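Each chain is listed here by its residues.
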Amino acid sequence: MALYIGVMSGTSLDGLDIALIEQTPAIRLIATHYIPMPDSLRTELLGLCASGPDEIARSAIAQQNWVKLAAQGINTLLGQQNLTPVDIRAIGSHGQTIRHEPTRGFTVQIGNPALLTELTGISVVSDFRSRDVAAGGQGAPLVPAFHEALFEERAGNRAVLNIGGFSNLSLIEPGKPVAGFDCGPGNVLMDAWIHQQSGDSYDRDGQWAASGKVQPVLLKALLSDPFFVTQGPKSTGREVFNLPWLMRHLALLPTYAAEDVQATLLELTALTIIESLQGAQNDTREVLVCGGGAHNAALMDRLASLLPKAKVSSTSVYGVDPDWVEAMAFAWLAHCCLEGIAANRPSVTGAHGLRILGAIYPA
C-alpha cells in the first residue's frame, strides 16, 4: 500500500483540488480538500495566459503564490487525516497551465515543485506534459490512461468525458488501446460570458443558459473555427478559445440577448462533444462525465438528448466522485513515474511511443 496526493488546478481557475489516494494496486480515494483561488491570483494567472510585460518575473511570483496555496491545502489535509509527510510517498502536482502550444513544441505549467517539496517535506513529481510533447505528442489529454485504469473492466464501449474549462474524451473499448482527445470548450466560454455579464463565476445548473434560446447563426459562426474539423490527436486551451474569441464573433453579428448567447455557448459545448464522440467511437454504450460540467443539469440533459442510445451519467455511478477525478489522476501519475510505468498513450497524444512522465523532486 502507498499513499499519494494529487494537486490540480484546471483552466477554470476556481481553486485547487487536492486528493489523497491509496494505491494497492487498486486506486482508492481516501480524502479530499479544496481551496478557492484568491481573486488576485486568479487574475494574475489569467493574465499570464497571454503575452504581457515582465512575464518572467510575474510568472515566478505567481507560481510562488500558487505553491504556497497548494502547500497550505496539503498540510491541512494531512492534519485532518492524522498523517505526517513521511506517510506520503509523493505529491503529483500538475501545476497551472499558462501556455499550451504543442504545435510549436512547448507547454508551460507553472508550480515551482522545488518550493512545494520544501514547504511540505514530501517528494514531488511534476512537469508531466513536457516529455510527451518532446516525443512529438500533444502533451494532452493525459487522463485517458487513468480513466482506462479505473473503468477498463466494464463491459462494452464507453466514453469518459471530462468537462472542465475544456472538454476531453477518453474512449475505452474492449481489446483496443484507449483513445482520446480534446473536444473544445467545456465551461470556459460559458464562465467567461456570465462573469462579464453579471459577475458570477459560473452558471449554476445551467439555469441561465436554459432561460435563453440557441441562435443558429451565432452557433454556425462559432462552429466554423478550424479546431472543430481537426482530427485527433488534438488538444486546445485558452490560447484558442477565450472571451476575446467570442467577442470577435459577436461583433460581426446582430446583437443577441445575453441569455441567448449563453444558451448558444452551452449548445456549442454539447454539440462539439457529441460530434467528436460519434466520429470516433461506434455504439457508445455509456458516457461517464466528470469535472465541473457534471453538475450543469442543462448541459447533462442536452448531452443525453443528443445521444439517446447511450446512458449519460456522472462517474459517481461507479463510486468515483466527478469532482476529484483529475486530482486523483495526477496522484496516480506520480505513482507511475516513481514505478517507471509509462503513462502517456500514443493513441491519444500522437507521441512517438510510450514514455514515463514527470520530473522528480525528492524530499
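Residues numbered from 1 in each chain as written. Predicted model: local features only at pLDDT ≥ 70, side-chain atom pairs only at ≥ 80, totals over all residues. Heavy atoms only, no water.

The six strands are arranged β3-β2-β1-β4-β7-β13 in an open sheet whose pairing can be described as mixed. Both outer strands of the open sheet, β3 (27-36) and β13 (359-361), are each paired with one neighbouring strand and no more. Going from strand to strand, the sheet's axes swing by 20 degrees on average, the running direction of each strand aside. One ladder, built from seven bridges, connects strand β1 (residues 2-8) with strand β2 (residues 15-23); its direction is antiparallel. (Pairing = 2+ DSSP bridges. Helix = DSSP H or I, 4+ residues; strand = E, 2+ residues; numbered from the N terminus. Axes fitted to C-alpha atoms, helices over the stretch in contact; angles between N-to-C directions.)

Turning to the pairing of strand β12 (residues 311-314), a few remarks are in order. Bridging between strand β11 (residues 286-290) and β12 involves four bridges; their strand directions are parallel. In the sheet register, E286 faces β12, and the bridge partner there is K311. Once you follow β11 into helix α11 (residues 297-306) and on to β12, the crossover reads as right-handed. (Right-handed = clockwise from strand over helix to strand, strands pointing away.)

Two elements in contact, helix α6 (residues 188-198) and helix α10 (residues 258-280), have axes whose closest approach is 9 Å; the angle formed by their N-to-C orientations is 170 degrees. Here α10 runs roughly antiparallel to α6, going by the angle between their axes. Where α6 abuts α10, its residues L189, M190, W193, I194 and Q197 lie against A258, V261, Q262, L265, L266, L268 and T269. Taken together, the residues that form the contact of α6 with α10 break down as nine nonpolar, three polar and no charged. (Parallel < 35°, antiparallel > 145°, perpendicular 65-115°, else oblique. Contact = heavy atoms within 4.5 Å. Nonpolar A, V, L, I, M, F, W, Y, C, P; charged D, E, K, R; others polar.)

In the numbering adopted here, UniProt assigns the feature "binding site: ATP" (unreviewed entry) to G10, T11, S12, L13, D14, G15, L16 and D17. Looking at the element boundaries, G10 is found in the loop between β1 and β2. You can see D17 is positioned in strand β2. When residues no more than four places from it in sequence are discounted, the contact partners of D17 are G6, V7, M8, H33, Y34, D323, W324 and A327. (UniProt positions renumbered as here; feature names shortened; annotations may be inferred.)

Before going further, it helps to examine the domain arrangement of the protein chain. Once the domains are mapped, the protein chain shows domain 1 (2-140 + 323-361) and domain 2 (144-318). Relative to domain 2, the C-alpha centre of domain 1 lies at a distance of 23 Å. If you look at the interface, domain 1 gives 25 residues, while domain 2 gives 26 residues. Counting the surface lost from both domain 1 and domain 2, the interface buries some 2,000 Å², and carbon and sulfur atoms represent 60% of this. Across the contact surface, domain 1 and domain 2 share one salt bridge. Residues E148 and R345 are paired through a salt bridge, measuring 3.3 Å at the closest nitrogen-oxygen approach. On inspection of domain 1 and its partner domain 2, the count reaches eight residue pairs in polar contact (both at pLDDT 80 or more). Elements represented by at least two residues in the side of domain 1 that touches domain 2 include exactly β5 (96-101), α12 (325-339) and α13 (346-349). Its residues placed into classes, the side of domain 1 that touches domain 2 shows 13 nonpolar, seven polar and five charged. (Domains from an automatic or database assignment. Buried area = accessible area lost by both parts, 1.4 Å probe. Salt bridge = Lys/Arg side-chain N within 4 Å of Asp/Glu carboxyl O. Polar contact = N/O pair within 3.5 Å; in protein donor to acceptor, adjacent residues only side chain to side chain.)

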